[in-house]
Amino acid sequence: MAVSLLLVYSHVLFLFLIGRVAAGLHMEPDPCNSNCTGFPTSDLAHHVGVSYTYRYRTTVATSLHGSSGGLVLECEVDLFVVSECHLMMQVSSVKIHLKFDLRKTRFICIYVQQIRNSQIKRLSSQGEHPMLSLKNLRESLEKTRLKFSLRGGKVTNLCLQEGEQVWTLNIKRALLSMLQTSPMVNAFKVEKETDIYGECTSRYERRGPALHKTRDLKQCQQWRLDDFWPHSVTLSEDKLFQMELHCVQRHGETVMEEVNCTETLSMTTPVLAKTQTTSSLLLLRAQPGVPTITDDASVQTDIQFEKEGFLNLEENGTSAAQEVGQTVRLLCRITSDLPRVSKEFLQLVFQLRGLAFSQLKTLKREASFKCHNAWHPLLDALPACGSESCIMLLSDLIRDKEVEEGRAHSFLTTVALIPHPSPQIIDSITALMEIPELRPKVLLAGSSLISQLCQKSRTSCRELPQVQTFVRMLQKMLSVGCEGDTISQVQELLYVLKSVGNAGLSAPAFIPLLTRCILGHASPPELRLAAVRAFRRFPCSADRSVLLQLYSSSQDDTEVRIAAYQQLMLCSGPDVFDAVKTTLRSETSSQVGSFVWSHLTNLLRSEDPMKQALIHTLPDDIISRGFEGEFLKYSSFSEQTFVSGLGIHNVETSLIFSPKSFLPRSASANVTMYVNGRAYNILEVDIHIDNAEPLLLNFFGDRAERKPAADHEKPREGGNKRKTKESKGAGRDKCSSTTDSFLNQSMSMVFVRKKPEENEPRCWGGVKVFGNEISVFTCEIYRHVSQLSPSMAELALKLLKGLDVHLRHMTPLLAETLVLPSLSGLPLELSLNLTSMFSLHLNGKLNYRDPSHYFLNGFIKPSFYSSLSATMGVHSVLGQAGVQWIGELRSSTSLDGSIQLEEGRDIRVVLSTPEDLMDIISLSSRVFQLSGGHREEINGSESQVHKTTCTPKSWSKIIGWQLCFNASYPPAATGLTFPLFKPALLSLRLLKLDRSLQYYLVEAAYFLRHQKGSWLPRDASIHLLLATPQSSVPRDMSVDLVINPHRVLLRVTHPLKTIQIQGQLQQEKNIKSGKLEFIIDSFYYYITASNGLY
């Protein structure tokens, strides 16, 4: 029996091996081979050797507020049936229309005739149009033929010839997508098909001789929409876009005779913008005869849309590098024009994204791009570029010490917010771990990038070697424990724990290490808290029993227990609810109880969309006990939710006290915004202060106790009043040494220690942006305040020499582009760009002797500009057709003058007014129509509201300036609303009315002579002056007060009134007399009195 079974198994195994070998020897048919060997034939009634000629027309129009820009493409399409399995496409007779303003019927028409006629006509009311060479466009569209297969009404594969460009191939893909059909539909059918949009579900419905095809395009574009919104969590269906396709097909007896399709992409909120594409395909003729076809080398591809990337970078590297160089040089020339600088800097970022690493290295090596004002546009653009090549170059520059430490920290913060990181970018950042000064920042940046990569990855990102290397590094650093023998070790462990919380990976490996930190009472409090909060991104399936144990322990630290409760509520369930009810009922800590009570109370009435699921699962008796809710005495949690034009906003705040102190121990704030079904955790800030009472006592305690011998060393009142210069200097040195001693004592209590002590003051905090901890600070950073970086030292040296200093910081906060396939085959783009720029112009000269005697002269001119732009429409080599909205916020002010202080008693301030106009703040909204290379601004409607409000002329005359508020906005039933997506302008500016006004003069002086045994001074005088010398308008104002035992004088001078009050007391022998005088302008009043003693 056993032998028989063995023979049967051997026979089966032999047959299996033969099948595998046969399968390996079987050759797949070549879909691009015209002999059709092993290839199924077409099931349509196309006749081999027949040519079918169609007229094709597609129109793309984008509209916003009634204005639109459009593009029309027309051509003839020949379909040659070359074999039983293949057809061939040839495009000819191309026409392109670029429409400027459909309302004014003004447009550019570019007509490209057939290949035998190269004449090109341009009709434009604005002259020649800056487009790509029309000859090159014509040749690219008509140069190559496209072979394809059509079976069952579906295009199965494409065979493209050498020289076919991506944009021409996409247009041909769109043509073939219109031919796809479902010929066997009698009434209604739903089926999946693949065309230029990708794999989508189509609905076919027969209506008489026509076949209607409809599709919800958002269903097959959802993955592109998800990638477009970085740093967000999807809560519900995206309601921002509505995307639909509707086609009407008419079949003849043998082939498709007519197709008409309409594609609509609408942006519904916050502004109604629509891009509509209409395409038609009409059979003109069918005739025998096809051109000679040769099987040239061809490449197989599919019908799906292909995004145009930066192809052939090495070939185009010279021109691309030249464009970058030109942009950088332009930025160095236009540094004062902030709007243009912002636009060109964003252009530089996009240009850098198109360069390979070798090109970037050559560009950096062969050219110097540092402007005359020490601004380095190329270096500032690298972190904002965010491509693999840019980050690799930036990492090399940091490792080679070509970027100073301060700027490297700033760059790493920007890199941490890259929306689409790659494993190579993470590898480049991890390589910076070898630099000890940057290691903490690298930990935060690397972990943030890993979190973003894993959110976008459709596969398990933890299997990536770059991610595994980073996680193993965290495990190794955390394996030493959380005791922290030195301050540097505590700081490093704090960054490691924050990074574990950022990454949220390898929970089984990290939880034992975190448990050791949490339950180790010898660990510093900041490390225990960080270990508890490191659970925040672990999956809810991870073991959280240590948090449950910690929260239920009434003897543990208050803040640590509250943090454990907050983490438990992120992944709550019946076991957590039971523990909360039980612990709250028997809670002995009023601080923990009041926080939990306030949190649950706010939660039950919360309108936060993300908390609604949790609210529905809460038991009715979850609050088993009430607690005090006094804000400044007990720990509390509060939440506010409000709605604006941008969506729903939720603000959470918490204040935590400790039984050991009357001061708050920590405070935090969290801001989340909900827009179009997505949640954005914009910002979260938390600050912790521990053992701050000794420090406050040093500042506000009894100074006599700190200086017991000081009073005995003071000179006796009424002694020698004339002091030498040396004695004055000695007194100042003594005061200075006393002050320095006090400051050093306070600084040493907080900062100067080698080992963290239990009762010493400590503080720490963190900043999260989009949920990623990008900045952590402790009080230890202030130990290095005196150690200036090279750039700061250079800045201080320039100011001391009286030289001009220019500081500039440009940050592209958002530079995202959504590229969607369209019915025309042209890429449909929606781009969002947000940039901010801060510029500071300084000049000063300081003559400093001590804090009570110095002279400072100079000026400061801060400027700020921020731009948010949204562009929607077609952007391709054929031209650009669409609309653009730009919102701008700008401010430009200046302060010029000097400050002089003498002996701590006389101060003189001069404020110059060289400018006649000062824009305090300006907010504008503009709409543009794009067509080709032109951009035309759309003005507001005739019903536009215009308002101007200024301060009264009488007030303005007093100060010489007038403050005016100007507003221009479209009429609305609800009044002025934000944000503005129509032409609008809001501005607040200062206008100089007094042209002769050159500067303001402010003087203040006092003199005091104390008398023994009284807090009243023996002699005192005060002088205050506000004047505008050289001005033709009188506005000088002054106050003088003199007091001594025999005389009181008060004089008030104003341009409209002068008041003087003088009192005098005299005694001659035994007669005392007094006189009180009042002088108001030219009127004189007095009172006299006398008293004789006999």
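Every value quoted in this text rests on a predicted model; they were computed, and no experiment measured them.

A word on the overall build of the protein
For step 1, the next point in the chain: Counting its secondary structure elements, the protein contains 28 helices and 39 strands.
For step 2, the next point in the chain: Buried residues in the protein amount to 45% of all 1094 residues.
For step 3, the next point in the chain: By sequence separation, contacts in the protein at least 24 residues apart represent 63% of the contacts at least 6 residues apart.
For step 4, the next point in the chain: When the accessible surface of the protein is totalled, it reaches about 56,300 Å², and 56% of it is carbon and sulfur.

Considerations on the pairing of strand S14 (residues 273–288)
For step 1, the next point in the chain: Here 15 bridges tie strand S1 (residues 50–64) to S14, and the two strands are oriented antiparallel to one another. Its bridge partner lying in S14, Ser51 is registered against Gln287.
For step 2, the next point in the chain: Here 10 bridges tie strand S13 (residues 256–267) to S14, and the two strands are oriented antiparallel to one another. Residue pairing for S14: Ser266 is matched across the bridge by Lys274.

Remarks on the state of the cysteines
For step 1, the next point in the chain: In the structure shown here, the tally under the stated rule is seven disulfides.
For step 2, the next point in the chain: The disulfide partner of Cys540 is Cys571, and the S-S distance across this bridge is 2.0 Å. On the sign convention where negative means left-handed, the S-S torsion of about -70° between Cys540 and Cys571 marks this disulfide as left-handed. With Cys540 in the loop between helix H17 (525–533) and helix H18 (545–552) and Cys571 in the loop between helix H19 (558–570) and helix H20 (574–585), the pair connects residues that are 31 residues apart, well separated along the chain.
For step 3, the next point in the chain: The class for Cys540 is exposed, based on a relative accessible area of 53%.
For step 4, the next point in the chain: Cys950 shares a disulfide with Cys964; S-S distance 2.1 Å. Judged by the sign of its S-S torsion, about 110°, the cystine formed by Cys950 and Cys964 is right-handed. Residue Cys950 is located in strand S30 (residues 945–950), and its partner Cys964 is located in strand S31 (residues 961–969); the two are separated by 14 residues in the primary sequence.
For step 5, the next point in the chain: Looking at Cys964, the relative accessible area reads 4%, which means it is buried.

Let's talk about unusual backbone geometry
For step 1, the next point in the chain: Even without being a glycine, His231 presents a positive backbone phi close to 55°.
For step 2, the next point in the chain: Examined against the element boundaries, His231 turns out to sit in the loop between helix H5 (222–228) and strand S11 (233–234).
For step 3, the next point in the chain: On the basis of relative accessible area, His231 is assigned to the buried category, the value being 9%.
For step 4, the next point in the chain: Backbone geometry at Asn676 places phi at a positive 55°, although glycine is not the residue there.
For step 5, the next point in the chain: As for its placement among the helices and strands, Asn676 is situated in the loop between strand S18 (664–675) and strand S19 (678–690).

Concerning the packing of helix H13 (residues 439–456) against helix H14 (residues 465–478)
For step 1, the next point in the chain: At a minimum axis separation of 11 Å, H13 and H14 run at an interaxial angle of 135°. It follows from the interaxial angle that H13 and H14 lie oblique. Judged by the twist between their axes, the crossing of H13 over H14 is left-handed. Contacts between H13 and H14 involve Arg439, Val442, Leu443, Gly446, Ser447, Ile450 and Leu453 on the former and, on the latter, Val467, Phe470, Leu474 and Met477.
For step 2, the next point in the chain: Looking at the contact of H13 with H14 residue by residue, the classes come out as eight nonpolar, two polar and one charged.

Observations regarding the nonpolar core
For step 1, the next point in the chain: Grouped together as the largest cluster of nonpolar side chains are 118 residues, with contacts concentrated most on Leu352, Leu478, Phe510, Leu514, Phe538, Met569 and Leu600.
For step 2, the next point in the chain: Excluding residues within four positions of it along the chain, Leu478 makes contact with Leu493, Val496, Leu497, Phe510, Leu513, Leu514 and Cys517.
For step 3, the next point in the chain: Val81, Trp167, Ile171 and Leu179 belong to the second largest nonpolar core, which has 74 residues in total.

Description of the environment of Met256
For step 1, the next point in the chain: Structurally, Met256 can be placed in strand S13.
For step 2, the next point in the chain: Using a relative accessible area of 8% as the deciding quantity, one classes Met256 as buried.
For step 3, the next point in the chain: Taking the C-alpha atoms as reference, Met256 lies 7.2 Å from Leu179; in sequence the two are 77 residues apart.

Regarding a positive patch on the surface
For step 1, the next point in the chain: On the surface, a cluster of positive charge is made up of Arg333, Arg340, Lys343 and Arg935.
For step 2, the next point in the chain: Tracing the backbone shows Arg935 in strand S29 (residues 934–938).
For step 3, the next point in the chain: Taking the relative accessible area as the measure of exposure, Arg935 reaches 40% and is therefore partly exposed.

What about the confidence of the model for the protein?
For step 1, the next point in the chain: Of the residues in the protein, 82% have a pLDDT of 70 or more, and the chain-wide mean is 81.
For step 2, the next point in the chain: Within the model, pLDDT remains below 50 along residues 102–132, and this stretch shows 73 contacts once partners closer than five positions in the same chain are excluded.
For step 3, the next point in the chain: Confidence drops under a pLDDT of 50 for residues 782–788, and excluding neighbours within four residues, the segment shows five contacts in the predicted structure.

Describing the pairing of strand S34 (residues 1017–1027)
Two faces make up the sheet, and in a regular strand the side chains alternate between them.
For step 1, the next point in the chain: Here strand S33 (residues 999–1010) runs beside S34; their pairing, made up of 10 bridges, is antiparallel. Paired with Ala1004 across the bridge in S34 is Leu1024.
For step 2, the next point in the chain: Adjacent in sequence and paired antiparallel, S33 and S34 are bridged by six residues, among which Gly1013 carries a positive phi angle near 80°.
For step 3, the next point in the chain: Both S34 and strand S35 (residues 1037–1044) contribute to a ladder of seven bridges, which runs antiparallel. From the neighbouring strand, Leu1024 faces S35, where its bridge partner is Val1039.

Some thoughts on helix H11 (residues 405–415)
For step 1, the next point in the chain: Ala408, Phe411, Leu412 and Val415 are the residues of H11 that are buried. One side of H11 carries all its buried residues, which in axial view fall inside an arc of 100°.
For step 2, the next point in the chain: For H11, the secondary structure elements touched by its buried residues are helix H9 (377–385), helix H10 (388–399), helix H12 (423–430) and H13.

As for the packing of aromatic side chains
For step 1, the next point in the chain: Inspection of every chain in the model, using the stated rule, returns six aromatic pairs.
For step 2, the next point in the chain: Each ring, one from Phe345 and one from Trp375, has its centre 6.2 Å from the other, and the planes form 25°; the classification is stacked. Taken together, the residues span a long stretch of sequence, with Phe345 in helix H7 (residues 338–353) and Trp375 in the loop between helix H8 (357–366) and H9 at a distance of 30 residues.
For step 3, the next point in the chain: One Lys or Arg, Arg808, reaches over the ring of Trp375 and ends 5.0 Å from the middle of that ring.

Digging into the environment of Leu382
For step 1, the next point in the chain: Tracing the backbone through its elements, the reader meets Leu382 in helix H9.
For step 2, the next point in the chain: The residues contacting Leu382, other than those within four sequence positions of it, are Leu352, Cys390, Ile391, Leu393, Leu394 and Leu397.

Focus: the environment of Pro1017
For step 1, the next point in the chain: Here Pro1017 is to be found in strand S34.
For step 2, the next point in the chain: Counting along the chain gives 26 residues from Pro1017 to Ile1043, while the straight-line C-alpha distance between them is 8.7 Å.
For step 3, the next point in the chain: Those residues in contact with Pro1017, other than ones at most four positions away along the chain, are Leu1008, Arg1009, His1010 and Gln1011.

Some thoughts on the pattern of salt bridges
For step 1, the next point in the chain: Scanning all chains against the criterion turns up 41 salt bridges.
For step 2, the next point in the chain: Among the ionic pairs, Lys154 bridges to Glu191, the shortest N-O distance being 2.7 Å. With a gap of 37 residues between them, Lys154 in strand S7 (residues 154–161) and Glu191 in strand S8 (residues 188–195) connect regions that are remote in the sequence. Residues Lys154 and Glu191 agree in their burial class; the two are buried.
For step 3, the next point in the chain: The partner of Lys154 in a salt bridge is Glu193, with the nearest N and O atoms 3.8 Å apart. On the criterion of sequence distance, the pair formed by Lys154 in strand S7 and Glu193 in strand S8 is long-range, its members being 39 residues apart.

Things to note about the side chain of Ser447
For step 1, the next point in the chain: Here Ser447 lies in helix H13.
For step 2, the next point in the chain: Within polar-contact distance, the side chain of Ser447 engages the backbone oxygen of Leu443 at 2.8 Å.
For step 3, the next point in the chain: Only 3.0 Å separates the side chain of Ser447 from the backbone oxygen of Leu444, close enough to count as a polar contact.
For step 4, the next point in the chain: Sequence-distant contacts of Ser447, defined by excluding residues within four places in its chain, comprise Phe470, Ser499, Asn502 and Ala503.

Things to note about a nonpolar patch on the surface
For step 1, the next point in the chain: Residues Leu800, Leu846, Tyr848, Leu856, Ile899 and Ile907 make up a contiguous nonpolar surface patch of roughly 510 Å² in combined accessible area.
For step 2, the next point in the chain: On the secondary structure map, Leu846 appears in strand S23 (residues 828–850).
For step 3, the next point in the chain: Judged by relative accessible area, which is 38%, Leu846 ranks as partly exposed.

Rules used in this analysis
Residues numbered from 1 in each chain as written. Predicted model: local features only at pLDDT ≥ 70, side-chain atom pairs only at ≥ 80, totals over all residues. Heavy atoms only, no water. Helix = DSSP H or I, 4+ residues; strand = E, 2+ residues; numbered from the N terminus. Buried < 20%, exposed > 50% of the residue type's maximum accessible area, 1.4 Å probe, protein only. Contact = heavy atoms within 4.5 Å. Areas by Shrake-Rupley, 256 points an atom, 1.4 Å probe, with all protein chains shown as cover. Pairing = 2+ DSSP bridges. Disulfide = S-S within 2.5 Å. Axes fitted to C-alpha atoms, helices over the stretch in contact; angles between N-to-C directions. Parallel < 35°, antiparallel > 145°, perpendicular 65-115°, else oblique. Left-handed = near helix turned anticlockwise from the far one by under 90°. Nonpolar A, V, L, I, M, F, W, Y, C, P; charged D, E, K, R; others polar. Core = buried A, V, L, I, M, F, W, Y, C linked by side-chain atoms within 4.5 Å. Patch = residues over 30% accessible without salt bridge, like charges linked within 9 Å, V, L, I, M, F, W, Y side chains within 5 Å. Salt bridge = Lys/Arg side-chain N within 4 Å of Asp/Glu carboxyl O. Lys, Arg positive; Asp, Glu negative; His and termini not counted. Charge placed at Lys NZ, Arg CZ, Asp CG, Glu CD. pLDDT = per-residue confidence, 0-100. Arc of directions from axis to C-beta. Phe/Tyr/Trp six-rings, centres within 6.5 Å; stacked < 30°, edge-to-face > 60°. Lys NZ or Arg CZ within 6 Å of the ring centre and 35° of its normal. Polar contact = N/O pair within 3.5 Å; in protein donor to acceptor, adjacent residues only side chain to side chain.

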